[in-house]
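Survey of secondary and tertiary structure
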Amino acid sequence: SKNGGCRTQGGNQGSFDEVWGISEFQCQRRCQRNKLCVAFEYSRVKKYQKCELHEDAIVHVYPTPGEICRMKPLPSLLTQYLGLLHVDGIANSPTPPSPPSLPPLPPILPPSLPPPSLPPIPPIPSTPPSPQPSPPPSLPPSPPPD
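One structure accompanies this document, and this report is about it. (Residues numbered from 1 in each chain as written. Predicted model: local features only at pLDDT ≥ 70, side-chain atom pairs only at ≥ 80, totals over all residues. Heavy atoms only, no water.)

What to know about the overall build of the chain
Per the secondary structure count, the chain includes two helices and seven strands. In the chain, the succession of α and β elements from N to C terminus is β-β-β-α-β-β-β-β-α. Within the chain, buried positions represent 21% of all 146 residues. For the chain, contacts bridging at least 24 residues in sequence account for 65% of all contacts bridging at least 6. About 11700 Å² of surface is accessible on the chain, with carbon and sulfur atoms providing 63% of the total. (Helix = DSSP H or I, 4+ residues; strand = E, 2+ residues; numbered from the N terminus. Buried < 20%, exposed > 50% of the residue type's maximum accessible area, 1.4 Å probe, protein only. Contact = heavy atoms within 4.5 Å. Areas by Shrake-Rupley, 256 points an atom, 1.4 Å probe, with all protein chains shown as cover.)

Here's what the structure looks like:
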C-alpha cells in the first residue's frame, strides 16, 4: 500500500464505486469479491470513512495525506510484485512489472539401485566333514650313539 490516491495512466482517478462508512478491511474484502475491482482507495475524513473500488488499471499514486491506495490482493506470492506503485506520480510503464522467473527445480534423482549381486553362499553341510589324517611330523634322524 502507498499513501495517496489511486491514479490511472493519464493521472485521473478512473472508474470506481464509492462506499461510505466501512472499515479498511471491509473495503479490501469488497474489492476481493468484485471481479471488476483492480485496486481500492481508503480514506478517513474526520469521522467519515470512504472506500473507492477502482475498476481501471492503477499505475501510480498521487500523494494525498490521509488516503491509501492498495492493489487488489491476489491469492499468490505475486502480490508483492504486481502491487508495486510509484509515489512520484510517474509510472515506469503502463503495465505492472513482470515477476522474476522462478529458480529451476532441483534435478530429479534416479531411483535407488539395488545392491550389487553377490555370489551365492554355499549351503552349510549337515554333517561336519571328516578330519583328514595328517602325516606324522618328520623328525631329523637322531645321531648314532657313541
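Back to the text.
Some details on the nonpolar core
Membership of the largest hydrophobic core is limited to ten residues, which are Val19, Ile22, Cys27, Cys31, Cys37, Phe40, Tyr42, Cys51, Leu53 and Ile68. Looking at this core, the elements with two or more residues in it are α1 (24–33), β4 (39–45) and β5 (48–54). Other than its neighbours up to four places away in sequence, cysteine 27 contacts Ile22, Phe40, Glu41, Tyr42, Cys51, Glu52 and Leu53. Counting residues in hydrophobic clusters, the runner-up holds five residues, among them Cys6, Ala39, Ile58 and Val61. (Core = buried A, V, L, I, M, F, W, Y, C linked by side-chain atoms within 4.5 Å.)

Concerning the state of the cysteines
The bond known as a disulfide is covalent and runs between the sulfur atoms of two cysteines. If you walk through the whole model with that rule in mind, you get three disulfides. The partner cysteine of cysteine 27 in its disulfide is cysteine 51, sulfur to sulfur 2.0 Å. One disulfide, between cysteine 27 and cysteine 51, carries an S-S torsion of 80° and so falls in the right-handed class. Of this pair, cysteine 27 sits in helix α1 while cysteine 51 sits in strand β5, and the two are 24 residues apart along the sequence. (Disulfide = S-S within 2.5 Å.)

Describing the pattern of salt bridges
Under the definition given, this model contains two salt bridges. Here arginine 70 and glutamate 24 are joined by a salt bridge, their closest N and O atoms 3.1 Å apart. Here arginine 70 is found in strand β7 (residues 67–71), whereas its partner glutamate 24 is found in helix α1, with 46 residues between them in sequence. Between glutamate 52 and lysine 50 there is a salt bridge; the shortest N-O distance is 3.0 Å. The exposure classification of glutamate 52 matches that of lysine 50, with both residues buried. (Salt bridge = Lys/Arg side-chain N within 4 Å of Asp/Glu carboxyl O.)

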